[in-house]
Structure formats: C-alpha cells, structure tokens
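Remarks on the overall topology
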Amino acid sequence: MKISMGPSVFKFPLLAKYRDNTVYVVQSVNDESQYAIAISGTNPYEITDWIFEDFLVAHTHPWKYGSCPAGARISSSAALSLAIFQNLKPCQGIPGANLRLIDFINSASVSNLTVTGHSLGGEMASTVALWLADIQGEQWDRQKNAKLYAYCYAGPTAGNNSWANYFHERLGSHAHRIWNSLDVVPYAWEVSGLKQIPNLYKPSIESPF
C-alpha cells in the first residue's frame, strides 16, 4: 500500500492543544483501483476529543442521507465527527492537498473502497461508509461499479437501533464490526450495553497477597 491522500489532521480551533482527528487514504500497489480510508481513534491526550467526539451522546440527530427509516438517528458526537471528516483537506505539500475526500475519490478510478478505523475511528468508519453508500451514484462512482466495505474495530455505536439496522441493510455482508468482548468501548452507547459493563470482569480475581 502507498499513501495517496493525506494525512489530513484536525484540531478544534482555539481549544485543542493536540490533534483530534487524523485521516489518510492508501492505494494498493498491486491493484491501483483499490483504496482504503484509515481513520484514527480518540487522542487520549486531547480532552476536546473526548468531550466533543465521544461524550455528546445524550442528544441525537436524524440521518439525512439515502432512504433511511424516519427514526434513524446518530449522536451529536457522531454527527460532528462525520461533518469534520467530510470537510478535511490535506495541507499544501501533502498528497491530495486541498481536496476533500469526495473530491479525491471522484478523481480516482476506484473498484474497491474500504473504510476502517479503531475505537472512535471504528465509529466514524461506520458513519463514513454509510454516507458513502448513500451518495454513491450521485456524488461519486456515477456508474455504481465500486464495491464499498466497512471494517469497524472496537467502536461504540454511532446511532440508535434504527440507524444500526439501516447500516447493516445498506452495507450487507460488506459490513464488519470486530471487537473484544472484554473491551468496554463497544458496549457504548446503547443502554442495554452500558448495563453490562459493571459485570464484564466478574468473578473478581483474588489477590495472592
């Protein structure tokens, strides 16, 4: 693989000391029509990333792409992360400089496009992949020939059950959600999942000392 776009980096203006998001696109050296979008997880050193992109889940917003059910909604954090992603552009001197992702893939010959990320990046991979699926044929890949895949590692859910069902309906067997059952993050933010967290590590292991 070789980097064909990015890295693109975002910091919340005036508030962040460190980067909040990092995204780049790689291209296969064996088949130059195959691309992958890699999205970073939460920066553990940057409090704005935790606050704005992880914890704003009490309020939700309608999913505004495709023909989704009326009740499909994503959290404020997921909506903000997706909006940030949609407008990210690499800096001058970086591959794909001054191009948004949608501009870049429109200029490329794409047969396979994989979106992947871990933790926050895993959640973002789900919203980005669904967004791309919903605008395929209109804003990119006009002939709808490209295959789109999502590999979401250890991410919290981006939205409610209606949204999650729509995600799996649209992506089908191309949607992959991978996690460790002892990792607390994938249990967020659905109430039934959160209730399981206190009992994940039972029975307790007695200290030998």
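Presented here is a report on the structure given in the accompanying data block. All values derive from a computational prediction rather than experimental measurement.

**Remarks on the packing of aromatic side chains**
A complete count under the given rule lists 9 aromatic pairs for this structure. Taking 5.2 Å as the distance between ring centres and 70° as the angle between the ring planes, the aromatic pair formed by Trp-63 and Tyr-65 counts as edge-to-face. In this pair, the class of Trp-63 matches that of Tyr-65, namely buried. Here the aromatic rings of Trp-163 and Phe-167 are separated by 5.7 Å at their centres, their planes lie at 10°, and the arrangement is stacked. With Trp-163 and Phe-167 both in helix α5 (residues 161-171), this residue pair falls 4 residues apart, about one helical turn. On the basis of relative accessible area, Trp-163 is assigned to the buried category, the value being 2%. Members of the aromatic cluster, each reached through a chain of ring pairs, are Trp-63, Tyr-65, Trp-163 and Phe-167. The positively charged end of Arg-177 is found above the aromatic ring belonging to Trp-179, 5.1 Å away from the centroid.

**Comments concerning the packing of helix α2 (residues 76-87) against helix α4 (residues 120-135)**
The relative placement of two packed helices comes down to the angle between their axes together with the axis-to-axis distance. The N-to-C vectors of α2 and α4 enclose an angle of 70°; their axes lie 10 Å apart at closest approach. When the axes of α2 and α4 are compared, the pair comes out roughly perpendicular. Handedness of the crossing formed by α2 with α4: right-handed. When α2 is examined against α4, the residues Ala-78, Ser-81, Leu-82, Phe-85 and Gln-86 are found in contact with a partner set consisting of Leu-120, Glu-123, Met-124, Thr-127, Val-128 and Trp-131. Tallied by class, residues from the contact of α2 with α4 come to 7 nonpolar, 3 polar and 1 charged.

**So, the sheet that holds strand β2 (residues 21-27)**
The strand order β1-β2-β3-β6-β7-β8 describes an open sheet built from 6 strands, whose pairing is mixed. With one partner strand each, in any of the chains shown, β1 (2-10) and β8 (175-178) form the two edges of the open sheet. Shown here is a sheet whose adjacent strand axes are inclined to one another by a mean of 15°, direction ignored.

Parameters and conventions
- Residues numbered from 1 in each chain as written.
- Predicted model: local features only at pLDDT ≥ 70, side-chain atom pairs only at ≥ 80, totals over all residues.
- Heavy atoms only, no water.
- Phe/Tyr/Trp six-rings, centres within 6.5 Å; stacked < 30°, edge-to-face > 60°.
- Buried < 20%, exposed > 50% of the residue type's maximum accessible area, 1.4 Å probe, protein only.
- Helix = DSSP H or I, 4+ residues; strand = E, 2+ residues; numbered from the N terminus.
- Lys NZ or Arg CZ within 6 Å of the ring centre and 35° of its normal.
- Axes fitted to C-alpha atoms, helices over the stretch in contact; angles between N-to-C directions.
- Parallel < 35°, antiparallel > 145°, perpendicular 65-115°, else oblique.
- Left-handed = near helix turned anticlockwise from the far one by under 90°.
- Contact = heavy atoms within 4.5 Å.
- Nonpolar A, V, L, I, M, F, W, Y, C, P; charged D, E, K, R; others polar.
- Pairing = 2+ DSSP bridges.

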